[in-house]
Each structure stands twice: as C-alpha cells, then as structure tokens.
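# Remarks on the overall topology
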Amino acid sequence: MRGEIEGCLGAGAAPSSCPWRPGDMGDLRVSNRRKIAHLSEMVNFIVSSRHSCSHPSELKLGKGSRRLTPAPPTRKRTGPCDPSREGPGPASGGQLMTPSAGSNLAPDLRSTRVLRDHGTAILERLPLPGAEMERPRITRLIGGSVARNLVTVLLGPPGTGKTVAMAAAMRQFNQAGTPCVSLPCTPADSDGKVFTARLVEAIGQTVRQHGGTLPNEPIADAKAAAALLLNLAARAGNPVCVFIDDFHHADDQPQRAFVVSLFHHGYGDIRIVAASHHRFRCGLGSLLLDSKLEEFGMADLVFSPEEARALFHSRLSPGEERALETLIRRTEGWPAALRIVERRLARGEDLAEIARDFSSANREFASFFDDLLAALPADLADFLHTVAPLDTAPAELLRVILGDNPDDLMARATEACPFAAYGDREERSLRLHGLWRDYLGARLARQAPARLDDILRKAADWYEARAQWVIAANYQLRAGRAEDAAVLLGLHADDIFARDGEVHDVLPLVEGLPKAVKLSPENTFWIGRSAAFKGDFAHTARLIEQAQTVAAANGDGPGRMKLLRLLVAYGFDDFDLVRSEATRWLSEAQGAPLVDRVTVSIMLSLSCAATLDPIKAAVALDTARSDASRTDSAYLQTWITIAAALQAIDGGNPALALSEVERALAQSACRGAIKRTCELVRAACLYEMGDLDAARAILDRNLLDGLRHGITETAFAGLRTAIRLCEIDQGLEAALRFARDAEHTTERRFGKRCRSLLRLARIEAILRQPDERRSHRFESDLTDLDVLVDSATRHCPAIAERVRLVTARRHIADGATRPALATLSTLMSPAATGRRLRIWAEACVLKAAAQAADGDMAGALKTLWAAIERAAPLGLNRTFVDDAALLRGLAPALLDHARRLSGRIEPACVTLAEAIARACDVSLHQAEVHGDDDDLPLEPLTAGEIKVLSLAASGLTNAQIAQQTLVAVPTIKWHLHNVFNKLGVKTRTAAIARGRQMGVLM
C-alpha cells in the first residue's frame, strides 16, 4: 500500500522530533461542543488525578507541565456525561420499567456501561464474521489516524470487530518496521497496579523481541517506560504504537494517568491505539482540544454492503440476493448480527427464511439488548424509548415531544449507548441502530401504547407542517390512521412526484393501505404512476384493470388514465403506440397538469430515440422543456437533462452531454434517487471521453443505487461502462461474469430490452479480443448472438441496429470481410443522416478493420481518419480506443498521418491518434514525420486530383480550371483541399513543388 503505514508513521524521521505542525490535522470527528465538554472533564481530571498514580509523573498539558502531588480523592466527577446530572425527561408518559427494575444500579454510568457477561457471551460464541477476510478500509482508517494523532480510539459494543481490526493494523505496522506493543485488558486490569504491571511487562517483551535490553532496576513509572520505547523508536526509525484492547476494563484514574504520562513523555514517538466499549471518562481533553485524538465509532467499524456481500462466497439466486440485501439493511453491517446470520446458515436455514424473521426479537439480540438497557440510567433509557419510534429524530421534533431542550440527553445518549449516533455533522438529529430501535419500539408498544401513539401523531403533524408529506404519511400509517395517510398522499401526490420523485418511499406505504383505499379513484392514478416510475409496469397494468371507476377521478380522469396506459406501453417497449398516442394526447390535453405533460413528452422523446428518430426526439424534448419551465420541478427538469444527455451521447457528443449533466448535478435541488441516476449518465460520458478514473469512482459510489431508479437507457449506460471498466481492470472473464449477473438482475427491473443490450455488450467484449485470446470457452456466449439475430424482427429499431453492428464485428473476427462490409454499408449511411454519430463512428472503425484485412490500407486509413476528424473534437474517444486491437496494423500509418496534419487540424484528432497508437503498443517515436526523401504520398492522388493539380501548375486560377473541366468552382477547391492533405502541404506552390518532386507532375 504505497507505504500507507510507512508514510503515515513518518519512516525515517528523527525519533525525537515532534511531527505536529499547524494545518497537519485531517478531518476531525469531534464537534466544538464536545471539545468544550471535554475541557471541563480535563479540569476535573487534573484536580482529581493528584493522587491517582502510584508513581507521580510529569503530565504535559498544552505547552507547559506541572508536578501533580498526591491528595486524597474528595471530589466526584461531574462532567457532561455523568449520570448524576439531572436531564429533562419525556413530557408524556412515565418512566418505563427497564429489565433490571428494582435493582440498585451504580450511579456512575461509565462503570455500569460494561455489559454483563451473559449477553456478551452470547454474541461472542462464534468467530467474528469475516475474521479471515482482509478489510483494508479499516486498516487505512487506523493507519491514517495514527499518522495524524497521538491517540486513536476504537469505540463499539461487543462484536464490532475492534480486536480483529487492531490485529490487522498491527500486522501492517510490523511489516512496515513499526514496533508494536500489545496489551489485551481483562477484568483484573480494573486494579491500577495490575494494569501498570501488565503494560510494563508487554513493553519489555516488545523491547526484547526487537533486540533491546532492559535495565536492571524495575521500571518504576511511565517516564521510565517511555524512555524504553523512545530508544526502541530510535533504533527502528519509526514511532512505537501501543495497542490496548478492551480498555473499558481499565478505564479508571490510575490506568488513564499512566497511559497519558506515557504518550506525553513520548514527544510524538509513542502512539496509542485503544479499543473500548465506551469513550474514556476523561484525562484526554488536552489531546482533544489540540486535535491529536481521533475516535472511530460503530459507524466506521461496521461492514460496508460490499464487505458484507463478500462474506457469502457462494453464487446466490435472485431470491437469495434480495434476502441478503434485506439482511444487510437490517443489520446495518453490525458484525455481531452478521455472525448470527452465519450461524443460522450453518444450521441449514436459507437466507430467505432468515430474512423473514430476522429482528431484535431473536433470543440472542433480546438478551444482549436487555443487558445494555439495564446498564443505562433510567432517564436516559426513557429518552431512548422516546426516540425509538422515529427513524431519525431531529432536535426540534424531540423538543416538541419532550417539551424541553433535548441537547443534553442527545449528547449523553451518543456517549453512553453505542447504538445511538448523531444523524448529521451539525449534531442536530439523533439516529438509533435499526435493531436497537426495533427492540425499544417493541417494548414501548407493550408497556406504553398510548405514549407510542402520541409520539407518532406528533411526528406526523410536525413533518406535515414542513411539507414532508411522505414521512408524515408514514407516521400516520404507523399510528393506525390509514385513511388520513391516503388522503395526505393523494392530495400532494403531484408535488411529491414532481419535487423529488420519491416513488421508492411512497410505494412501501401503499402496501399498508387497505385494499378499498388503494383502489379508490382518488388514489389509483398516483399509485400507478409511482409503480411505473419505479419500473413495476406490471403493477400499473394490474391497477388499470382493477380500477374501472378511475376514469372519473378529478374530472379529468380519462386523460390521466391514458397517461397510465402510455407508461405501461413504454415499459413494455411498445414504442410505436407511445409515438402515436402520446402525440395525440399532447395536442388534446392542453390543460392537463404540467407534470403530466412533461412526463408524456419525455416518454415520447425516449420512444422516438428508440425508433431511430432523433429529430422528433429533440422536438419532444423541446416541448418538455417548455412545459417544465412553468413548474419548479427539479425532478422532471433533471429527467429532461438525462434524456438530452443520452441523445447527445448517441449523437456522438459526450462533451455536450457531460456539460448538461454536470450543470444539473450542480443544482442543490438535484438530490436523492434522480441524482444517482444522473451520475450513471455522467460516468458514461466521462468514460467515453477517456477519464476512466473519474468514471470508476462515480460508479463505485452510485451504480447499485442508480439501478434502483431510472429506465433501461440509464441502466444500460451505467452497466455498459461498468462492464468495460471491469474488463480493463480485471480481465475478460471477470467482465463476462459481471455482465451475466447484471443480465439476470436487471431483467426483473427493466425488462427484456435491457437484457438484450447487456447480452450484446457481453458479446462485444469477447469479439474485441485478439484472436489468440478468444477460445472455445466463449462459444456458448457467441451463440447468444445467433438467438438475437433470429429474433431481430421483435426488437426495437435501436437494438436491431446494434445487432447488425455486432454481427459485422463477428464477421471480421471470423475473417469474413465481405459480409462484414456489406452489413456495415447498410448501417453507415442511415446513421450519418440520422445524426447517430456514435454508431456511425463505430461502424467506420469496423469498416476500416475489414478494409485493412482485405489489404486496402489506403482505403482503411481514409475511412478511419474521416471518423476521427468528426468524432474527436466532440470527445468521442473510447469508441476508437476500445477497438484498438482491430486497428493494430493501421496504427503506425494513422499516427504518421495525424502528425503530418498537425497544426492544420483539431489537436483532439492528433491526441486520439496517439491514444490509439498507445493502445496498439506502438511507440509514439516509432512513426515520425518523414522528410523530403519520401517517395509517395500517404494516400495516392486520384486521376481527377492529378488533372486539377496539373492545370494549377500551368498557372490557371480556380475559375479557369472549373471552366476548362466543366465543373463548379467549389468542386475545384475540394479537389485541391484533398491534394493538400494527401501531400502534406498547406499552399498551392508547395503542392506543385511536391508533385514534381514525386513525379506526379512532369
């Protein structure tokens, strides 16, 4: 890893130098409010720590230091997280009974945070999931923090993977030459003397392992231990890292004082990495204020969706894929929860069965959460029950529910409970882990149903007042007010759809509505439209059949009903029907809602594009823009941008498409699902223009979410780019696996057209390979092309055109150049006149390859260069570079020709020619521009061109030449232009001289 460890730890730096400089700090995970709170804790700690060490030591605080003298402990800490502080309780309902009701809990929250053995043992019964799986993301987090900070802290409940993460980091550090001290704490380390003795012993063991010697006298204090570590750092040329696991067992004043003294005496060459169930009580405030401490909580340590999927190596069926997605969403990547999934799989249960009943009601979770809840103070447990019914709890909403300021309770909850975290960087909302929220919500429903109903009603009213209608309807539905929820959604359906396109949030609510409510005339339209825009056109078709009375809805029911039918027709690829009916609907429904008109215009434009009519597609988009300009719908305006960008890409102008998409993404109103769909188109533009790294980064972030929203065209734009990047990064076989998986997954969502396009992309990937890389293993893939050819009459024109293009590619691969040229001739002229430059350019590349295979190098070069001259200035690059293997024989002549014309053509043409040469492994110095000793032009002059050049050499003007040859003057100019290009000159005089030198002229 580019020395992610060595570079981070400053290998080679003088051990005694302090690495901290102003401006060195990275992203801080601590707010100013928490810094102020820790400042108070630090002051209390300084006062109360005067007696805490068996061996007094110098504690460096800030710029100076002072001797701490022993004094009896007479003060109790009252920091902002101390449970002895009274906080506001809920406004309604009483205190809930915790699992330990009636017991006498210790008043110190920090000491009671250590979960009891029973719940912890249940979750630690199996190895951590993925214990053998490398997690470089976590290792990079720890390595980067160690480089920036003196202390790195991993915080999380049991089963979060802290120990595994620390072990992986130690392995990396040791490989980088960084000495590591390791101390796993045990309950015995609650005794300060035991902890000190064990840590000193671990330090001595590390010193001996690295060839050092220990002093004869026992190590008396932290200063002497630090001296040993500094000597070790000096010999290693790297700082020393001290790893302390399970520090919650030792989180008391003497232990913390020893650790603080240790790194303060290290002068930057002793770094501490500690893992704990909870934040340290205090004593590290100076580091926090100086930005030399960084914490990583549960949100950082959980498995990402990609890491969680990697735990299940076997190939999954589509049903199992959906079940796995459900489990990943419910566990939120918590390793302990994934461990339980693994255990149930080992018992023979399938993923679908596990996903159906996986919840916090499972015995393992219930016992664990019971212990966690019992460890919390009563007022904090009661507050968390108030938060549990809320998906995310803004501070303003909590103030309405509680009747008091919730800031203190929110801060205490995030520090005391590992399953509570702030929902935003400003710390103005609180969010609970899903399983923990379900557990608390179930307890609240059993013990205080009236209070639960009150919370849900207040949340619904609060969100409705802020025009967050989907969220408000969700809380109304959960409060048992289904009809009120349906009325709210129906009343604001157009706004919900036009503003953010929140169809993915609306449809789950529909499932909770009674059947009579769903099929009412008022609700059928917006439910059907939401289903169609999610891609479930079959659901929309069923609604149309079931709701016969919808025609009278809102007085314009027939028009809106027709819109639903048009959506279904588009979803099932009946583009001819959409073209005829949509045009008629737009002319008849002049007074229809603007949202409906824009929707139909976009459908019409996409249908025209699919039937190879870009002119009418552009006209339909202009109609959509005109109607959208009278609305404030950022969602529909972004859809117009996406449709225009897709047409620009097909028109061979990815640069224009990229500028349109980036302008839309720059709008603050472009957010949510439509933003991720827009990012897929942006990635396709960047890839075509040659910026592979940017395209790769965008797809890594947006591909999966982007495929959950959108249409066939956007899905294929993202997936085609992903397949090509996978081929470049991992090879052909990995790309084919990815393509096959995508075919099966997307057919359910986007239909057969998307699967056909992906199948063609897979076949193209095979046929792009040189002959020696293709083998009989891919013959079954190539037979899919025969299937597509046989069913060509059932495809839309756009797919039928691509089938012919791939067929020509296969002819070339088989050496059948004549059939290839015949097929391409039927494509190129319609594509050129129909403004489909990308298809035309790809056909030109294949035609040039076929001509070169036939030995017509001059004709091949002419065909290829004509395409480059038109495509390169528009950013159409990868269409040529991806097929470089077919152009290997032409690459040197192409590069030479481009350099001859350098200065008289667009620089992008030369750049593209050089990119093709590099892809063909042709050195850019191999093809040099030849001097005056060249015998022949790059391409021979025709008889007409020779005649025009001869007449020009006799001194005739263009008009005189035209009169003598009986052609128009522009034709003479065109002939001379071609002569200049072929001879590599810029003037008439130079052309005449060059012609005589070559013997063309007498």
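These numbers come from a predicted model, not from an experiment. (Residues numbered from 1 in each chain as written. Predicted model: local features only at pLDDT ≥ 70, side-chain atom pairs only at ≥ 80, totals over all residues. Heavy atoms only, no water.)

## What to know about the sheet that holds strand E4 (residues 180-184)
If you trace the 5 strands from one edge of the open sheet to the other, you get E4-E5-E6-E3-E7, paired in parallel fashion. Each edge of the open sheet carries a strand with a single partner, namely E4 and strand E7 (293-296). Taking the axes of each pair of neighbouring strands and ignoring which way they run, one obtains an average angle of 15° across the sheet. Where strand E3 (residues 151-155) meets strand E6 (residues 270-276), 5 bridges bridge the pair, whose relative direction is parallel. Residue Val151 lies in a different strand from E6, and its bridge partner there is Ile272. Against the sheet, helix H8 (residues 222-236) makes contact with E4, strand E5 (240-245) and E6, and its axis sits at roughly 130° relative to E5, the strand it touches most. Strands in contact with helix H9 (residues 253-264) are E3, E5 and E6; relative to E6, the strand with the most contacts, it is inclined by about 150°. (Pairing = 2+ DSSP bridges. Helix = DSSP H or I, 4+ residues; strand = E, 2+ residues; numbered from the N terminus. Axes fitted to C-alpha atoms, helices over the stretch in contact; angles between N-to-C directions. Contact = heavy atoms within 4.5 Å.)

## Some thoughts on the pairing of E6
Here E6 lies mainly inside the structure; 7 of its 7 residues are buried. Of the two faces of E6, the one carrying Ile270, Ile272, Ala274 and Ser276 and the one carrying Arg271, Val273 and Ala275 are both buried. Summarising the sheet, E5 and E6 pair through 5 bridges and their orientation is parallel. Residue pairing in the sheet places Val240 in a bridge with Ile270 of E6. As for the winding sense of the linkage, the β-α-β connection from E5 through H9 to E6 is right-handed. (Buried < 20%, exposed > 50% of the residue type's maximum accessible area, 1.4 Å probe, protein only. Right-handed = clockwise from strand over helix to strand, strands pointing away.)

## Some remarks on the pattern of salt bridges
One pass over the structure, following the stated rule, counts 46 salt bridges. The salt bridge involving Asp453 is made with Arg457; its shortest N-O contact spans 2.7 Å. Note that Asp453 and Arg457 are positioned in helix H21 (residues 449-465) at a spacing of 4 residues, about one turn of the helix. Judged by relative accessible area, Asp453 falls into the partly exposed class, the value being 26%. Given the relative accessible area of 34%, Arg457 is considered partly exposed. The shortest N-O distance in the salt bridge between Arg696 and Asp693 comes to 2.9 Å. Residue Arg696 and its partner Asp693 are both found in helix H36 (residues 692-707); the two are separated by 3 residues, about one turn of the helix. Residue Arg696 is classed as partly exposed on the basis of its relative accessible area, which comes to 21%. (Salt bridge = Lys/Arg side-chain N within 4 Å of Asp/Glu carboxyl O.)

## Details of the sheet that holds strand E8 (residues 393-394)
With antiparallel pairing, 3 strands are arranged side by side in an open sheet as E8-E10-E9. Of all strands in the sheet, those with a lone pairing partner are E8 and strand E9 (420-422), marking the two edges. Pairing between E9 and strand E10 (residues 429-432): 3 bridges, direction antiparallel. Residue pairing across strands places Ala421 opposite Arg431, the latter belonging to E10.

## Topic: the confidence of the model for the chain
Considering every residue of the chain, the mean pLDDT works out to 78; 79% of them sit at 70 or more. Every residue in residues 100-127 is under pLDDT 50, and counting partners more than four places away or in other chains gives 61 contacts. For residues 927-937, every residue scores under 50 in pLDDT, and the model assigns this stretch 21 contacts once sequence neighbours within four places are set aside. (pLDDT = per-residue confidence, 0-100.)

## Structural notes on the packing of helix H44 (residues 857-871) against helix H47 (residues 907-919)
Their axes nearest at 9 Å, the elements H44 and H47 cross at an angle of 125°. Relative to H47, H44 is oriented oblique. Here H44 runs over H47; the crossing is right-handed. The segment H44 lies against H47, with Trp865, Ile868 and Glu869 engaging Cys909, Leu912 and Ile916. The class makeup of the residues in the contact of H44 with H47 is 5 nonpolar, no polar and 1 charged. (Parallel < 35°, antiparallel > 145°, perpendicular 65-115°, else oblique. Left-handed = near helix turned anticlockwise from the far one by under 90°. Nonpolar A, V, L, I, M, F, W, Y, C, P; charged D, E, K, R; others polar.)

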